[in-house]
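Architecture and fold: a report
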Amino acid sequence: MASLGSEDAFQESAALSLHDLESLHTFRSRSASVSSAGSSGRLQLRQRVAQLMACVEDISSDDEVHEEVCRTLDEAFLIWGKKMKDKWREFRLHLVTWNVGTASPPPDVTSLLQLDSLSPAMDMYVIGLQEVNSRITNFLSDLAFDDPWSIFFMSVLSPLGYIKLSSVRMQGLLLLIFVKHAHLPFIRDVHTHYTRTGLYGYWGNKGGVTIRMSLYGHTICFINCHLPAHMENTEQRLDDFEKILEMQFEEENIPNTLDHDVLFWFGDLNFRIADYGIHFVRESINNKRYNLLWEKDQLNMAKKKEAFLQEFIEGPLQFKPTYKFDLHSDVYDTREQKSLFWFNEKKRKPAWTDRILWRVKSLCQRALKEDDFSEEEQTISVTLNNYISHMSYGISDHKPVTGTFELELKPLLSDPLVTLSPEGEWSAEHDVLISYSAVPGFPSSAWDWIGLFKVTFRHANDYVTYAWVEDDEISSNEDSKQVYMSAAEIPDMGGEFLLCYYSNNLQSIVGISQPFQIRPNRTLIGKGPAQEENAWLQKPDNLESHNEF
């Protein structure tokens, strides 16, 4: 047979013998051996594929070779698919948007967060709320302490292994992100922002709150919005959203909002159903003929006209419009409303005000490049698995909406910046040691610290105690360093704990240990837990005086 680099190889391929075709397994193994040769190897592989295509032209479907060729190709595709899948990571994300109408949290959110689902656990929860109680007494209290909604979701999710990664609030707008512990070292550059659009940008009753991050090296941005109400304000809603998209993060080297790899846009967007009367709308809903209303949905109409909206994707609206309901019911607005001068207002027409959309930068680039776009350029994809409303929640006149997504991404980060672990057996009977190592070039700081956390910790400040990486260092070499914690700071009652390395420069947890056990203090068993409370306060410097989160 002609040599691999021969110009005659392609011309003579049609005359390949039956023996050659039955040796396709050999072709496959040889291809593997040249794959490491980079672009040259890919060129050779393309030549082999060209040879095969020429041969296929002469193979009949009832030929005995046909079945062998198909089986060999199937095996090749399976090997290729498995190899590609091994390089990619599946990341499950559950996003909630809910206008809570100043109400307190409900007694249970199991179905809202799909905690009873048989599907694999979520990797991240993104919770966007609107109209959180922001009366002056509540708001001032929430500035000093966590607000009731944040406390509520932390109490639900922290026992399940989720930590509050970040949050941002602007009056009644609140955005919370929770993530599984294992992902913490691969989430970096977390930043928040808010944009006021009420009263011409001077008041925060309307606008957007934003959290952005790098997730396994991919830039992700979440925007929770509350846009102007009422049927006639479509243009104002679009103008406000454009203003929110134009906002800039204060930190350097942070991409613009639309330059993120994936952008999620959600909230009480307040778009209404135009033209149709209330009776037609309600009759269509009662008959579950939602499709009759889609073309008059103001957001769908705007997407046909506004170029910047056409890049955003939304799942099908296969659920009832989520506004406006009587409280604690699934009945649309029946109460008479009192307006100015005591005239009765009309009942509100149902509308899909609460929405979730997303935008993938690579898909926008593909649309621009068309034939020049390479599949290799797409390193992240977004799939919507579920887009539903939750009718059982009646604390406000809006129903919550959730979207469950699967992000398939090629990790651009494979190793944590810091690796750490406890040394030996831990108990409050003696001082304990921590070993850690950082990757070359890690931007360490004198204000970096290692915290001891319960496995159910809620956020980065929820430590039991901590050690300064420089002040408490006892040994150092090229490979690793050691710091100590005093026995007086170790919980006497023991239990299951984690160690986390917090980077002051990066303002995030960049390393986390495996869970480990602390043995109870045998000398104090039976004397009660009071002696272990607030042990970290005995340190000469309080961590809070050096770090603000």
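See the structure printed just above.
The present account deals with the structure reproduced in this document. On a predicted model such as this, the values are computed, not experimentally measured, just so you know.

So, about the pairing of strand S1 (residues 89–99). Of all 11 residues in S1, nine are buried, a share of seventy percent or more. Bridge analysis of S1 against strand S13 (residues 401–409) gives nine bridges, and the strand direction is antiparallel. If you follow Glu-90 over to S13, its bridge partner there is Glu-408. Here seven bridges tie S1 to strand S2 (residues 124–130), and the two strands are oriented parallel to one another. Bridge pairing in S2 links Trp-98 to Leu-129.

For the rest of this paragraph, the subject is the environment of Asn-286. Mapping Asn-286 onto the fold places it in helix H9 (residues 278–286). For the pair Asn-286 and Lys-320, spaced 34 residues apart in the sequence, the C-alpha separation amounts to 8.9 Å.

Pairing in this open sheet of four strands is antiparallel, and the strands run S14-S16-S20-S19 from one edge to the other. For this open sheet the edge positions go to strand S14 (418–423) and strand S19 (473–476), each flanked by a neighbour on one side alone. Mean inter-strand twist for the sheet, computed between neighbouring axes without regard to direction, equals 25 degrees. Across three bridges, the pairing between S19 and strand S20 (residues 481–485) is antiparallel. Of the residues in S20, the one forming a bridge with Glu-473 is Val-483.

Moving on, we get to the sheet that holds strand S3 (residues 162–170). Here six strands make up an open sheet; going across it, the order is S3-S4-S2-S1-S13-S12 and the pairing mixed. This sheet does not close on itself; its edge strands, each paired only once, are S3 and strand S12 (380–389). Within the sheet, the average angular offset between the axes of one strand and its neighbour, ignoring direction, is 15 degrees. Here nine bridges tie S12 to S13, and the two strands are oriented antiparallel to one another.

Now for helix H11 (residues 298–305). An α-helical turn contains 3.6 residues, so a residue and the one three or four places further along point in the same direction. Along H11, the positions that sit buried rather than exposed are Gln-298, Leu-299, Ala-302 and Lys-303. The buried residues of H11 occupy an angular sector of 140 degrees when projected down its axis, which confines them to one face. Turned more than 90 degrees away from the buried face of H11, the exposed residues are Lys-304 and Lys-305. Those residues of H11 that are buried are in contact with helix H8 (234–245), strand S8 (262–268), helix H12 (307–310) and strand S11 (354–360). Near the N-terminus of H11, the side chain that reaches the backbone nitrogen of Leu-299, with its oxygen 3.1 Å away, is that of Asp-297.

Take the environment of Phe-319 next. Its place among the elements puts Phe-319 in the loop between H12 and strand S9 (337–338). Apart from residues no more than four positions distant in its own chain, Phe-319 is found in contact with Tyr-290, Trp-352, Tyr-387, Ile-388, Ser-389 and Val-401.

Soluble, globular proteins show a tendency: their nonpolar side chains are buried together. Formed by 58 residues in total, the largest nonpolar core has its most connected members in Met-124, Phe-222, Phe-264 and Leu-407. Both domain 1 (89–333 + 349–365 + 377–409) and domain 2 (418–526) contribute no fewer than three residues apiece to this core. With residues near it in sequence (within four places) discarded, Phe-222 still touches Leu-93, Leu-95, Met-124, Val-126, Leu-175, Ile-177, Val-209, Thr-210, Ile-211, Met-213, Phe-264 and Phe-266. Judged by nonpolar contacts, the second largest core, of 23 residues, contains Met-122, Met-154, Leu-174 and Leu-176.

Strand S4 (residues 173–180) sits mainly inside the fold: seven of its eight residues count as buried. In this structure, S2 lies alongside S4, joined through six bridges in antiparallel fashion. Bridging across to S4, Met-124 finds its partner in Val-179. Pairing of S3 with S4 involves eight bridges; the strand directions are antiparallel. Following the sheet pairing, Val-168 is matched in S4 by Leu-175.

Before going further, it helps to examine the side chain of Ser-150. Following the sequence through the fold, Ser-150 ends up in helix H7 (residues 148–157). Ser-150 has contacts with Leu-174 and Leu-176, leaving out every residue within four places of it along the chain.

The next subject is unusual backbone geometry. A cis geometry characterises the amide bond from Tyr-323 onward to Lys-324, with omega recorded as 5 degrees. Residue placement: Lys-324 occurs in the loop between H12 and S9. Backbone geometry at Gln-171 places phi at a positive 50 degrees, although glycine is not the residue there. Locating Gln-171 in the fold gives a position in the loop between S3 and S4. Of note, Tyr-216 is a non-glycine position whose phi angle comes to about 55 degrees, a positive value. Along the chain, Tyr-216 falls in the loop between strand S6 (203–215) and strand S7 (218–226).

For the rest of this paragraph, the subject is a negative patch on the surface. On the surface, Glu-235, Asp-239, Glu-242 and Glu-246 cluster together into a negatively charged patch. Its place among the elements puts Glu-235 in helix H8. Judged by relative accessible area, which is 51%, Glu-235 ranks as exposed.

So, about the packing of aromatic side chains. Considering all chains together, one arrives at 29 aromatic pairs under this definition. When the centroid spacing of 5.4 Å and the interplanar angle of 65 degrees are considered together, the rings of Phe-152 and Phe-153 count as edge-to-face. With respect to class, Phe-152 is no different from Phe-153; both count as buried. Ring geometry for Phe-264 versus Phe-405: centroids 5.1 Å apart, planes at 70 degrees, classification edge-to-face. Here Phe-264 is found in strand S8, whereas its partner Phe-405 is found in strand S13, with 141 residues between them in sequence.

Let's shift gears to H8. Across its 12 residues, H8 extends 17 Å between first and last C-alpha, which sits within 8% of the 16 Å expected from 1.5 Å per residue. Of all the residues in H8, the buried ones are Thr-234, Arg-237, Leu-238, Asp-240, Phe-241, Ile-244 and Leu-245. Each buried residue of H8 sits inside an arc of 165 degrees when the element is viewed along its axis, so together they form one side.

Cut-offs and rules
Residues numbered from 1 in each chain as written. Predicted model: local features only at pLDDT ≥ 70, side-chain atom pairs only at ≥ 80, totals over all residues. Heavy atoms only, no water. Buried < 20%, exposed > 50% of the residue type's maximum accessible area, 1.4 Å probe, protein only. Helix = DSSP H or I, 4+ residues; strand = E, 2+ residues; numbered from the N terminus. Pairing = 2+ DSSP bridges. Axes fitted to C-alpha atoms, helices over the stretch in contact; angles between N-to-C directions. Arc of directions from axis to C-beta. Contact = heavy atoms within 4.5 Å. Polar contact = N/O pair within 3.5 Å; in protein donor to acceptor, adjacent residues only side chain to side chain. Core = buried A, V, L, I, M, F, W, Y, C linked by side-chain atoms within 4.5 Å. Domains from an automatic or database assignment. Patch = residues over 30% accessible without salt bridge, like charges linked within 9 Å, V, L, I, M, F, W, Y side chains within 5 Å. Areas by Shrake-Rupley, 256 points an atom, 1.4 Å probe, with all protein chains shown as cover. Salt bridge = Lys/Arg side-chain N within 4 Å of Asp/Glu carboxyl O. Lys, Arg positive; Asp, Glu negative; His and termini not counted. Charge placed at Lys NZ, Arg CZ, Asp CG, Glu CD. Phe/Tyr/Trp six-rings, centres within 6.5 Å; stacked < 30°, edge-to-face > 60°. Expected span 1.5 Å × (residues − 1).

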